Amino acid sequence: EVQRYSKTLVAMKLKDKDELISTNISYEHNEVIIFTKEGYYNRYSLDVLTPIGTKSQGVKAIALKNDEVVAFDVIKDLNESVILINNLSQMKRIKLDDIEMTNRATKGNRVFKLIKSKDMSISSSFLCKPYDTLVVYDKEIMEKTFPDKSVNDYKNLIWADIKEINKNLVDYKH
């Protein structure tokens, strides 16, 4: 029997300055990976989390001081890699096997060494399979070049095979 609700349901309580940024579907034995702007990550099994009720305020995923979470994902396939994109338009591919498991609610481990001569930070990340294709575009350039089209309409964009992005930071500005 199917029941439909016409009113909203409370998922969890948030404090005054807290905000829900994203949600993701996960299953038993999946893992979560979280990246911060300053280059730290936490990776742990979702089995260490206990189910929460609607009156709870969640659990601490990563310890932040003067940092912020820029990306997270649920790992469902251990054959995937992580693509990190930094503020200098560089990308780095890391196999999940090369990313150590950590404990929840800690500061985490560094995903890359800081280069003191460059102001580098992580902008985003995502999980991918070895033979996926990455599509990148610069919204500002596309809008100037084709002012009468929506940026989402473009089919001929900059692309790279994931397997060609090596383990080092690579500049993909085109």
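Each remark here, short or long, concerns the structure printed above.
One structure accompanies this document, and this report is about it.

Each value, and the rule that gives it
- Residues numbered from 1 in each chain as written.
- Predicted model: local features only at pLDDT ≥ 70, side-chain atom pairs only at ≥ 80, totals over all residues.
- Heavy atoms only, no water.
- Helix = DSSP H or I, 4+ residues; strand = E, 2+ residues; numbered from the N terminus.
- Buried < 20%, exposed > 50% of the residue type's maximum accessible area, 1.4 Å probe, protein only.
- Areas by Shrake-Rupley, 256 points an atom, 1.4 Å probe, with all protein chains shown as cover.
- Patch = residues over 30% accessible without salt bridge, like charges linked within 9 Å, V, L, I, M, F, W, Y side chains within 5 Å.
- Salt bridge = Lys/Arg side-chain N within 4 Å of Asp/Glu carboxyl O.
- Core = buried A, V, L, I, M, F, W, Y, C linked by side-chain atoms within 4.5 Å.
- Contact = heavy atoms within 4.5 Å.
- Phe/Tyr/Trp six-rings, centres within 6.5 Å; stacked < 30°, edge-to-face > 60°.
- Pairing = 2+ DSSP bridges.

1. What to know about the overall build of the chain
Okay, so step 1: What the chain contains, in helices and strands, is 1 helix and 10 strands.
Okay, so step 2: Along its sequence from the N terminus, the chain presents helices and strands in the succession β-β-β-β-β-β-β-β-α-β-β.
Okay, so step 3: The proportion of buried residues among the 174 residues of the chain is 30%.
Okay, so step 4: Accessible area of the chain: about 12900 Å², with a carbon and sulfur share of 49%.

2. Structural notes on a nonpolar patch on the surface
Okay, so step 1: A cluster of nonpolar side chains, namely M12, L14 and L20, defines an oily patch on the protein surface of about 270 Å² accessible area.
Okay, so step 2: Tracing the backbone through its elements, the reader meets M12 in the segment before β1 (31–36).
Okay, so step 3: We classify M12 as partly exposed; its relative accessible area is 30%.

3. Describing the nonpolar core
Okay, so step 1: In terms of nonpolar packing, the biggest core is built from 14 residues, with F35, V82, L84, I99 and V111 touching the most fellow members.
Okay, so step 2: Listing elements by their share of this core, those giving two or more residues are β1, β4 (81–86) and β7 (122–128).
Okay, so step 3: In this structure, I99 is in contact with I33, Y41, R43, V82 and I94, ignoring residues within four places of it in sequence.
Okay, so step 4: In this structure, Y44, L46, I62 and V74 belong to the second largest nonpolar core, which totals 6 residues.

4. With respect to the packing of aromatic side chains
Okay, so step 1: For the structure on display, the rule yields 1 aromatic pair.
Okay, so step 2: Ring plane angle 45° and centroid distance 6.3 Å describe the contact between F35 and Y41, whose orientation is recorded as tilted. Each member of the pair, F35 as well as Y41, is classed as buried.

5. Examining the pattern of salt bridges
Okay, so step 1: Here the structure, examined in full by the defined rule, presents 3 salt bridges.
Okay, so step 2: With a closest N to O distance of 3.1 Å, D77 and K129 form a salt bridge. Taken together, the residues D77 in the loop between β3 (69–75) and β4 and K129 in the loop between β7 and β8 (133–136) connect sequence positions 52 residues apart.
Okay, so step 3: Overall, D77 belongs to the partly exposed group, its relative accessible area being 23%.
Okay, so step 4: For K129, a relative accessible area of 36% corresponds to the partly exposed category.
Okay, so step 5: Here E80 ties to K129 by a salt bridge, and the two come within 3.4 Å at their closest N and O atoms. Of this pair, E80 sits in the loop between β3 and β4 while K129 is found in the loop between β7 and β8, placing the two residues 49 residues apart along the sequence.
Okay, so step 6: Residues joined by salt bridges that share partners form a network here, namely D77, E80 and K129.

6. What to know about the environment of L84
Okay, so step 1: For L84, the location among the structural elements is in strand β4.
Okay, so step 2: Considered as a pair, L84 and I94 are 10 residues apart in the sequence and their alpha carbons are 8.1 Å apart.
Okay, so step 3: Those residues in contact with L84, other than ones at most four positions away along the chain, are F35, Q90, M91, K92, I94, V111, I122, S124 and S125.

7. Notes on the pairing of strand β2 (residues 40–45)
Okay, so step 1: The element β2 is extensively covered by neighbouring structure, given that 6 of its 6 residues are classed as buried.
Okay, so step 2: In β2, alternate side chains face the same way, and those of Y40, N42 and Y44 on one face and Y41, R43 and S45 on the other are all buried.
Okay, so step 3: One ladder, built from 5 bridges, connects β1 with β2; its direction is antiparallel. When the sheet's bridge partners are listed, I33 is paired in β2 with R43.
Okay, so step 4: Taking the residues that link successive antiparallel strands as the turn, the β1-β2 hairpin has 3 residues, and the phi of G39 there is positive, at about 95°.
Okay, so step 5: As defined by bridge partners, β2 adjoins strand β6 (residues 109–110) across 2 bridges and the pair is classed as antiparallel. Each bridged residue has a counterpart across the sheet, and for Y41 the counterpart in β6 is N109.

Bear in mind that shape data such as this cannot, by itself, settle questions of function.
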